[in-house]
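The lines below spell out each chain.
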Amino acid sequence: WRVFAGAQIITAFFGFAMLFSTQQKKFNLTLKETYVMTCMAWFSLSLFAALPFYFSSLNISFAGSIFESVSGITTTGSTV
């Protein structure tokens, strides 16, 4: 449970930081900005999903943790 609690604290910190730093009344996004935002969302989701793998006692490198998280998110079934 400590692995998940640590990952949750880190993820919540960055989530609240993003929430409070983007407090605006109106957003106008162009198509290019929407594509960039979608790509960054997938990238950041993969990074935060890799934290429990990295913090666990499985001795997986950070690159291996990212690979496992992307594999789980995209349901490819690949593993290291």
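Described in the following lines is the structure provided in the data block. (Residues numbered from 1 in each chain as written. Predicted model: local features only at pLDDT ≥ 70, side-chain atom pairs only at ≥ 80, totals over all residues. Heavy atoms only, no water.)

## Digging into helix H3 (residues 62-74)
Phase 1 of the analysis: In this model H3 runs 18 Å from its N-terminal to its C-terminal C-alpha over 13 residues, within 8% of the 18 Å that 1.5 Å per residue would give.
Phase 2 of the analysis: For H3, the full list of buried residues reads Gly64, Ser65, Glu68, Ser69 and Ser71. In an axial view of H3, the angular spread of the buried residues amounts to 160 degrees, which keeps them on one side of the axis.
Phase 3 of the analysis: The inward-facing, buried residues of H3 contact helix H2 (31-55).
Phase 4 of the analysis: Taken from the residues just after H3, Thr75 is the one with a positive phi, measuring 55 degrees. (Helix = DSSP H or I, 4+ residues; strand = E, 2+ residues; numbered from the N terminus. Expected span 1.5 Å × (residues − 1). Buried < 20%, exposed > 50% of the residue type's maximum accessible area, 1.4 Å probe, protein only. Arc of directions from axis to C-beta. Contact = heavy atoms within 4.5 Å.)

## Topic: the packing of helix H1 (residues 2-21) against H2
Phase 1 of the analysis: Their axes nearest at 9 Å, the elements H1 and H2 cross at an angle of 150 degrees. Classified by the interaxial angle, the pair formed by H1 and H2 is roughly antiparallel. H2 is crossed by H1, and the crossing has right-handed handedness. On the side of H1, the interface is formed by Val3, Phe4, Gly6, Ala7, Ile10, Thr11 and Phe14, while H2 contributes Phe48, Leu51, Pro52 and Phe55.
Phase 2 of the analysis: A breakdown of the residues in the contact of H1 with H2 according to their chemical character gives nine nonpolar, two polar and no charged. (Axes fitted to C-alpha atoms, helices over the stretch in contact; angles between N-to-C directions. Parallel < 35°, antiparallel > 145°, perpendicular 65-115°, else oblique. Left-handed = near helix turned anticlockwise from the far one by under 90°. Nonpolar A, V, L, I, M, F, W, Y, C, P; charged D, E, K, R; others polar.)

## Observations concerning the packing of H2 against H3
Phase 1 of the analysis: Closest axis-to-axis distance for the H2/H3 pair is 7 Å, and the angle between their directions is 115 degrees. By crossing handedness, the relation of H2 to H3 is classed as right-handed. Two secondary-structure elements touch here, H2 through Trp42, Leu45, Ser46, Leu47, Ala49, Ala50, Phe53 and Tyr54 and H3 through Phe62, Ser65, Ile66, Glu68, Ser69, Val70, Ile73 and Thr74.
Phase 2 of the analysis: Classifying every residue of the contact of H2 with H3 gives eleven nonpolar, four polar and one charged.

## Notes on the packing of aromatic side chains
Phase 1 of the analysis: Enumeration according to the criterion identifies five aromatic pairs in this entry.
Phase 2 of the analysis: A ring pair is formed by Phe16 and Phe20, whose centres lie 6.1 Å apart and whose planes are at 20 degrees; its orientation type is stacked. Pair noted here: Phe16 and Phe20 are both in helix H1, with a separation of four residues, about one helical turn. (Phe/Tyr/Trp six-rings, centres within 6.5 Å; stacked < 30°, edge-to-face > 60°.)

## With respect to unusual backbone geometry
Phase 1 of the analysis: Of note, Asn59 is a non-glycine position whose phi angle comes to about 55 degrees, a positive value.
Phase 2 of the analysis: Summarising the element assignment, Asn59 is placed in the loop between H2 and H3.
Phase 3 of the analysis: Even without a glycine there, the phi angle at Thr75 is positive, about 55 degrees.
Phase 4 of the analysis: Mapped onto the secondary structure, Thr75 falls in the segment after H3.

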